[in-house]
Amino acid sequence: MTIPINVFLHTVIGETKQAIAADNQTWFKRMSSTDFSATTVSMNVTNNTTLNSTAMDTDSKSKGYVGMIIAMFLLALVFNISALIMIVRSSKSHKWSAFYRLMVSLNITDLVGSVTCFPVLLATYANNVQWQGGQPVCDYTGYMISFVFLSSASIIGAMSTERFVGVWFPFFYNKSGAKERRTNIILGGIWTTTACIALLPIIGFGEYVLQYPGTWCFYNFRAKNLADKVYAYLYSVIWILIIFCTVLFNLLVIVKLVMRRVSASDKKKQNSKAKRNEIYSIVLLVVIVIVTATCGVPLAIRAIVNESGSEKNNNADLHASRMATFNMILDPLVYIFFRRENLEWLFRFIRKKRGKSSKPSEESSSASAKTDETNRSATNLEKIQPEFSGAVTT
């Protein structure tokens, strides 16, 4: 059978076009799949690189924080134990008065807080900022932090109250006997009350939650539940009120001491040993109060601000919590630097400096007095000499 040429050519050209079209479609499919695979590989490589770099950064930061936490832990141990040893060694001079009993209790509380809280923080950072132990460890950490913060502030408040009563009402303070027993009862009441307040979130009134950046636990100050909100306000207000009353009592004590020094009836007694010891203890207490207020108030204020529904500021909360933690290190350090022996040495040094500076003025004044006396003597001789000469002539 003979096929016309035009039909044959039309058939060949049509098949060729179909083949070319099929090849083009296949090529586009291959190219698109190749591009997609390349893009996917590139994205995977980029994501892996980003994740690896983030993991390396987190790991390096964790190692840096581990070193810092170990240093803080060691400083807290050394300072608190050193302060306790110094107080015990100087017991013959202070005779375990109420003030020093409270001071020992403050150091013991800070030491317990350091021993119980820093290891948990260290374990978290050692595991790349991954919380270890779940909710039970969170409850334990939150309980200890709440107990230590409130106990330390309450003991310092008791120290301020003791100085206030002793300075403003000395007759009542000295008349009421058994000061040691009274101080022990106050300490037992402080520890029992703060322990019960810190226990409330564990039994359902309040809640301990993991706080930013997932390394510490504290009561929930962004709570939605009514009981949790009430507890957050209760704890923060009690904390701020204790610090406020402490500052107020210290200011009143300073006012009373100034009134005593300017009073004529007490001027003969102001250099007595009892007055000096009183001033030394008040200087130490004022510095401790300043440190406690500076470290503790920011976290209490941040808790109230967060509970009031304001915008979140995790960095501010974190900085405030770190400042409150530093209080456990600074309290014993303040005692080491501002204890009575160091203040006595400082005051003696100041008196010596004043004595040396006043000696030249005293010498110059005595020299001028001698010169005036010599001039008066010469003047008297000049007056007497003419009379004497006239008497001889007669």
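Our structure is the block above this text.
What this report covers is the structure whose coordinates are included nearby.

Conventions and cut-offs
Residues numbered from 1 in each chain as written. Predicted model: local features only at pLDDT ≥ 70, side-chain atom pairs only at ≥ 80, totals over all residues. Heavy atoms only, no water. Helix = DSSP H or I, 4+ residues; strand = E, 2+ residues; numbered from the N terminus. Buried < 20%, exposed > 50% of the residue type's maximum accessible area, 1.4 Å probe, protein only. Contact = heavy atoms within 4.5 Å. Expected span 1.5 Å × (residues − 1). Axes fitted to C-alpha atoms, helices over the stretch in contact; angles between N-to-C directions. Parallel < 35°, antiparallel > 145°, perpendicular 65-115°, else oblique. Left-handed = near helix turned anticlockwise from the far one by under 90°. Nonpolar A, V, L, I, M, F, W, Y, C, P; charged D, E, K, R; others polar. Core = buried A, V, L, I, M, F, W, Y, C linked by side-chain atoms within 4.5 Å. Pairing = 2+ DSSP bridges.

### Some remarks on the environment of Asn313
Within the secondary structure layout, Asn313 lies in the loop between α8 (273-307) and α9 (314-338). When its relative accessible area of 37% is taken as the criterion, Asn313 is described as partly exposed. Residues Asn313 and Tyr212, spaced 101 residues apart in sequence, show a C-alpha to C-alpha distance of 9.9 Å. Sequence-distant contacts of Asn313, that is, excluding residues within four places in its chain, are made with Arg222 and Arg302.

### Observations regarding helix α3 (residues 98-126)
Between its terminal C-alpha atoms α3 stretches 42 Å, which fits the 42 Å expected from 29 residues at 1.5 Å a residue. Positive backbone phi, at 55 degrees, marks Asn128, one or two positions downstream of α3.

### Notes on the packing of α3 against α9
With their axes 10 Å apart at the nearest point, α3 and α9 run at an angle of 140 degrees to one another. By the criterion of interaxial angle, the relationship of α3 to α9 is oblique. Seen from above, α3 lies across α9 with left-handed handedness. Each of Tyr100, Met103, Leu106, Asn107, Asp110, Gly113, Ser114, Phe118 and Tyr125 in α3 lies in contact with α9, whose residues at this interface are Arg322, Thr325, Asn327, Met328, Asp331, Pro332 and Tyr335. Of the residues assigned to the contact of α3 with α9, the class counts are eight nonpolar, five polar and three charged.

### So, the nonpolar core
Grouped together as the largest cluster of nonpolar side chains are 64 residues, with contacts concentrated most on Met103, Phe149, Phe218, Tyr219, Tyr235, Trp239 and Leu299. Secondary-structure elements contributing two or more residues to this core are α1 (5-89), α3, α4 (134-168), α6 (179-199), β2 (216-219), α7 (226-262), α8 and α9. Per element, the largest residue contribution to this core is 12 residues, and it comes from α4. Not counting chain neighbours up to four residues away, the residues in contact with Met103 comprise Ile87, Met159, Leu284, Ile288, Asp331 and Tyr335.

### So, the side chain of Glu162
Here Glu162 lies in helix α4. Discounting residues that sit within four places of it in the chain, Glu162 has contacts with Ala98, Phe99 and Tyr173.

### Structural notes on the pairing of strand β1 (residues 208-211)
When β1 meets β2, the two strands line up antiparallel, connected through four bridges. Residue pairing across strands places Val209 opposite Phe218, the latter belonging to β2. Between the end of β1 and the start of β2, which pair antiparallel, lie four residues, with Gly214 showing a positive phi angle near 85 degrees.

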